[in-house]
Amino acid sequence: MAESKRDEIEKLLAEIQFDRWIFGFPTWFTVVSRGHRDHDPFGTSFPQPLVFSLNYRPRWRRLEHVEAVYIGEGVTRKIKGVRLTPIGPRVLSQILNTNIHWLHACWWLLRYKKVSALFIGELDVGEVGFLKKLLERIRCDALLLPAYGGIRSAHGATEPMELSRLIENLALEEKGKGTFIYALPHPVSPSWAERCAVLLTP
């Protein structure tokens, strides 16, 4: 059963481009977690449509030249057999019953056939706790997590390896529950990941 689930997850991940990361040779679509330059797929060859949510959209001028699909926060839309739901601060606040004003990136819940995956392109130190609580409320078969090395004065870290350790601990905890863990190198390729994505550079 675990092998068939892994096969479905691998099929899903191979067909989608996540910002600038790929796990195979994607042909279905590209999902955008944030519009900043280091995540922006423009400058690479990416499959269309380009899927995004408000507040995390790529630059509007560029969207005029591609097939783009906007999905509102908390709304589910089906594209190429994949049900996509963007989770932003408003929806996460409702789920966790707390006030969250901002997230570093849009969190994307993807459901395909009988498997689900949560794609998180960026995380701040304070958001790791929110993610942990979310995973107590929703079941995900796979997690796509950013993998950091040492960070200086960014992402809310008080010391360079803080965020790296928090994500590793979360990844290992979820792995222990049977969740498949995938890494999005920033630019580290960690040992805790099932597989690491390839970062496309312009």
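Look above for the structure.
Because the structure is predicted, anything quoted here is derived from the model rather than measured.

Draft legend 1. Representation of helix α4 (residues 125-137) within the structure. Where α4 is concerned, the buried positions are Val-125, Glu-127, Val-128, Leu-131, Leu-134 and Leu-135. Projected down its long axis, α4 carries its buried residues within an arc of 135 degrees, all on one side. Exposed and oriented more than 90 degrees from the buried face of α4 are Gly-126 and Glu-136. Lining the buried residues of α4 we find β7 (82-87), α3 (89-96), β8 (107-112), β9 (115-120), β10 (142-148) and α5 (162-176).

Draft legend 2. Seen up close, the pairing of β9. β9 sits mainly inside the fold: six of its six residues count as buried. Side chains Val-115, Ala-117 and Phe-119 of β9 all project onto a buried face; the interleaved residues Ser-116, Leu-118 and Ile-120 project onto the opposite face, where all are buried too. Two strands pair when backbone bridges link them, and β8 and β9 are joined in this way by six bridges, in the antiparallel orientation. In the sheet register, Trp-107 faces β9, and the bridge partner there is Ile-120. Connecting the antiparallel pair β8 and β9 is a turn made up of two residues, with Lys-113 showing a positive phi of about 50 degrees. Summarising the sheet, β9 and β10 pair through three bridges and their orientation is parallel. If you follow Ala-117 over to β10, its bridge partner there is Ala-142. After leaving β9, the chain enters α4 and then returns to the sheet as β10, a path that is right-handed.

Draft legend 3. The side chain of Thr-30, seen in detail. Among the secondary structure elements, Thr-30 is positioned in strand β3 (residues 29-31). In terms of polar contacts, Thr-30 uses its side chain to reach the backbone carbonyl oxygen of Pro-47, at 2.8 Å. Other than its neighbours up to four places away in sequence, Thr-30 contacts Gln-17, Asp-19, Pro-41, Phe-46, Pro-47, Pro-49, Leu-50 and Val-51.

Draft legend 4. Representation of the pairing of β10. Counting buried positions along β10 yields seven of seven residues, so the element is predominantly enclosed. Of the two faces of β10, both are covered, the one formed by Ala-142, Leu-144, Pro-146 and Tyr-148 as well as the one formed by Leu-143, Leu-145 and Ala-147. As paired strands, β10 and strand β11 (residues 180-186) are joined by seven bridges and run parallel to one another. Its bridge partner lying in β11, Tyr-148 is registered against His-186.

Conventions used here
Residues numbered from 1 in each chain as written. Predicted model: local features only at pLDDT ≥ 70, side-chain atom pairs only at ≥ 80, totals over all residues. Heavy atoms only, no water. Buried < 20%, exposed > 50% of the residue type's maximum accessible area, 1.4 Å probe, protein only. Helix = DSSP H or I, 4+ residues; strand = E, 2+ residues; numbered from the N terminus. Arc of directions from axis to C-beta. Contact = heavy atoms within 4.5 Å. Pairing = 2+ DSSP bridges. Right-handed = clockwise from strand over helix to strand, strands pointing away. Polar contact = N/O pair within 3.5 Å; in protein donor to acceptor, adjacent residues only side chain to side chain.

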